[in-house]
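Residue-level listing of the chains:
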Amino acid sequence: MNLAYIPSPSTGVVHLGPIPLRGYAFCIIIGVFVAVWLGNKRWIARGGKPGTVADIAVWAVPFGLVGGRLYHVITDYQLYFGEGRNWVDAFKIWEGGLGIWGAIALGAVGAWIGCRLRGIPLPAWADALAPGIALAQACGRWGNWFNQELYGRATDLPWAVEISDGPNRVAGTYHPTFLYESLWCLGVAALVIWADRRFKLGHGRAFALYVAAYCVGRGWIEYMRVDEAHHILGLRLNVWTAIVVFVLAVVYLVLSAKLRPGREEVVEPDRGPAASDPATEDEAQDQARDGAEAGAEAAAAEAKDPADGGSGPKDDAGAGETTEDAVPTESETPKTAKKL
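Residues numbered from 1 in each chain as written. Predicted model: local features only at pLDDT ≥ 70, side-chain atom pairs only at ≥ 80, totals over all residues. Heavy atoms only, no water.

1. Structural notes on the environment of Gly99
Reasoning step 1: Locating Gly99 in the fold gives a position in the loop between α2 (52-75) and α3 (100-118).
Reasoning step 2: It is 8.7 Å that separates the C-alpha atoms of Gly99 and Val73, two residues lying 26 residues apart in sequence.
Reasoning step 3: Excluding residues within four positions of it along the chain, Gly99 makes contact with Gly68, Tyr71 and His72. (Helix = DSSP H or I, 4+ residues; strand = E, 2+ residues; numbered from the N terminus. Contact = heavy atoms within 4.5 Å.)

2. Digging into the pattern of salt bridges
Reasoning step 1: For the structure on display, the rule yields 12 salt bridges.
Reasoning step 2: Between Asp196 and Arg42 there is a salt bridge, and its shortest N-O distance comes to 2.8 Å. Of this pair, Asp196 sits in helix α6 (residues 177-199) while Arg42 sits in helix α1 (residues 23-45), and the two are 154 residues apart along the sequence.
Reasoning step 3: Between Lys92 and Asp89 there is a salt bridge, with the nearest N and O atoms lying 3.0 Å from each other.
Reasoning step 4: Judged by relative accessible area, Lys92 falls into the partly exposed class, the value being 25%.
Reasoning step 5: For Asp89, a relative accessible area of 22% puts it in the partly exposed group.
Reasoning step 6: Counted as one network, the salt bridges with shared partners bring together Arg218, Glu222, Arg225, Asp227 and Arg236. (Salt bridge = Lys/Arg side-chain N within 4 Å of Asp/Glu carboxyl O. Buried < 20%, exposed > 50% of the residue type's maximum accessible area, 1.4 Å probe, protein only.)

This is the structure we're talking about:
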């Protein structure tokens, strides 16, 4: 008999009148805000502009949610398709089921679109957001606690989580794998922040470090889980995914450090006032047009000869007189001058 354990909530939703407030959704939303807040601070510290991280997150977050859900539905299709299953449940994201692998993959596509629109390098933006993503996962994992899902093997440890009877679960105390992963993600965020300050990581290496470090923890935590999953060679599918993604992240770290050492000097280009303010551009065009007209009038005035009232051209030698006119000849010199 356990004398201490982590109790689970009796329900994962609270109704505010007709509006359901779901704990799982709140954890996801809090995680997004934390990621954007920290990412914005890091982006500004790198020389970026305030608000840029949030603007790109508008693209990345919806793509990430869709990608996370797609990965979960595809890898756990037996929960939604087949005898006795209702495929409509695949759209009930509030009941849980987001695969981080799909969320990161498709979220990166959305971030790439946002970065392209702003003329920003995606690796630099990903580096700024990397520890924030880890913190978002730390918050989001508590949604599994509200839904009483994704726990580990049975245990009588003092920090075991209590699970009640329900669909596809048996009452008892189990390893709180959601808590393990949440704590691991906090450590990953701290590691990335420290390494970025110590080694000045750039060109996507801070993000690659986050991915590699997360995969290490996800591998052993996933191995403890008892929920239904596909197995390949005796290992759960997500364990294999963690191994493959870890190798790719490490390879990127090594190659990137050799090919593109250092950190980006400019992460967000300055578009300048002419590109951002149409009124300024119109004023510049008006000034250029007025200057051209004034120059044309001055050229026309100088082209007239003042000796004949402006009816003829000036001599090419200068302002209305030639070198011969300026120096009198001997025949034109006054006699008084000769006597002297």
